[in-house]
Amino acid sequence: MALLKVKFNQKKRVKLAQGLWLMNWFSVFAGIIVFSMGLFLKIELRKRSEVMDNSESHFVPNSLILMGILSCAFNGFAGKICYDSLDPAKFAKWKPLLKPYLALCFFFNILLFFVALICFLMRGSLESTLAQGLKNSMKFYRDTDTPGRCFMKKTIDMLQIEFKCCGNNGFKDWFEIQWISNRYLDFSSKEVKDRIKSNVDGRYLVDGVPFSCCNPSSPRPCIQYQVTNNSAHYSYDYQTEELNLWGRGCREALLHYYSSMMSSMGAVVLLVWLFEVICQHGNAHP
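Residues numbered from 1 in each chain as written. Predicted model: local features only at pLDDT ≥ 70, side-chain atom pairs only at ≥ 80, totals over all residues. Heavy atoms only, no water.

Re helix H5 (residues 123-139)
Here comes step 1: Look at H5: 25 Å from first C-alpha to last across 17 residues, which is about the 24 Å you get at 1.5 Å a residue.
Here comes step 2: Every buried residue of H5 is accounted for by Leu-126, Thr-129, Leu-130, Gly-133, Leu-134, Ser-137 and Met-138. Angular distribution of buried residues about the axis of H5 spans 145°; they occupy a single face of the element. (Helix = DSSP H or I, 4+ residues; strand = E, 2+ residues; numbered from the N terminus. Expected span 1.5 Å × (residues − 1). Buried < 20%, exposed > 50% of the residue type's maximum accessible area, 1.4 Å probe, protein only. Arc of directions from axis to C-beta.)

Put into structure tokens, the structure is as follows:
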């Protein structure tokens, strides 16, 4: 409710309109930034969609893209109104639309604030998506001859190298799955037969990890097979020695990467939201 009605002379009215016009076009630029952030995040998520369990994680980038488009549309429209307000004849045709426009802007600001909060609160959902997605993807690591899965080995290897991680929660996750393809196993070998018979699922399990788990900064040559067998390596104790494998799981690495990105985007969206509120408060008093 207005407590004091303010009247402007023509000179002040022109300055106010010009200032609001400039602020609205700054808001259009802010909308482009929000749209670009959403597009960037969507591309980043698509790059690693094979290790994610569902498409819920795309809710944030899709929302940012939509809010960016709406911001450009609303503020571009507001800029046009501010420009036409310099001419009373032109402004008259916009007057009936001001109240519906301001109501739409009110709901838009609520949605924008909600999207900013979602950027901060998606960590839990993203964590479960990554945990299940990585677990499923690791099972397909060996399927280099299976159509639709032949790329999975390269995807996981590149992921572990890029993010300096190993397995889902850690390197021991590789001990629980058969990651070596049957194509490269000698089934006439007693050692292979014994390992396959030693578990009920008939899988070839080893205490080893793919080469991409190796840390190149380690001074010792990479020990990727018989990792837990101290007697198989000279001067080695896997429980006390710092292993030359990446110690962090890929779930943690990816979660930190995406959570940091979303938190930064959430902070930017909050700043955009604050600027939008100021602009639209000004637009309410042309």
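Points about the pattern of salt bridges
Here comes step 1: All told, the structure shown has 9 salt bridges when counted by the stated rule.
Here comes step 2: We note a salt bridge from Lys-47 to Glu-44, for which the minimum N-O separation is 2.9 Å. Residue Lys-47 and its partner Glu-44 are both found in helix H1 (residues 10-47); the two are separated by 3 residues, about one turn of the helix.
Here comes step 3: Among the residues examined, Glu-44 registers a relative accessible area of 5% and is labelled buried.
Here comes step 4: The salt bridge partner of Glu-191 is Arg-195, with a shortest N-O separation of 2.5 Å. Here Glu-191 and its partner Arg-195 are both found in helix H7 (residues 190-197), 4 residues apart, which amounts to about one turn of the helix.
Here comes step 5: For Glu-191, a relative accessible area of 39% corresponds to the partly exposed category. (Salt bridge = Lys/Arg side-chain N within 4 Å of Asp/Glu carboxyl O.)

Digging into the UniProt feature "transmembrane region" (unreviewed entry) in the protein chain
Here comes step 1: Using the residue numbers shown here, the UniProt feature "transmembrane region" (unreviewed entry) corresponds to residues 20-41, 62-81, 101-122 and 255-275.
Here comes step 2: Annotated as 95% helix and 0% strand, the span residues 101-122 places its first and last C-alpha atoms 31 Å apart.
Here comes step 3: Within the segment residues 255-275, helix and strand shares are 100% and 0% respectively, and the terminal C-alpha atoms sit 30 Å apart. (UniProt positions renumbered as here; feature names shortened; annotations may be inferred.)

So, the packing of aromatic side chains
Here comes step 1: If you walk through the whole model with that rule in mind, you get 10 aromatic pairs.
Here comes step 2: Aromatic pair Tyr-141 and Trp-174: ring centres 5.1 Å apart, planes at 70°, arrangement edge-to-face. Here Tyr-141 is found in the loop between H5 and helix H6 (152-163), whereas its partner Trp-174 is found in the loop between H6 and H7, with 33 residues between them in sequence.
Here comes step 3: In this structure Tyr-141 comes out as buried when scored by relative accessible area, which is 3%.
Here comes step 4: Overall, Trp-174 belongs to the buried group, its relative accessible area being 0%.
Here comes step 5: A centroid spacing of 6.1 Å and a plane angle of 20° characterise the contact between Trp-179 and Tyr-225, whose relative ring orientation is stacked. Residue Trp-179 is found in the loop between H6 and H7, and its partner Tyr-225 is found in the loop between H7 and helix H8 (250-283); the two are separated by 46 residues along the sequence.
Here comes step 6: Taken together, the aromatic side chains of Tyr-141, Trp-174, Trp-179 and Tyr-225 make up a single cluster linked through ring pairs. (Phe/Tyr/Trp six-rings, centres within 6.5 Å; stacked < 30°, edge-to-face > 60°.)

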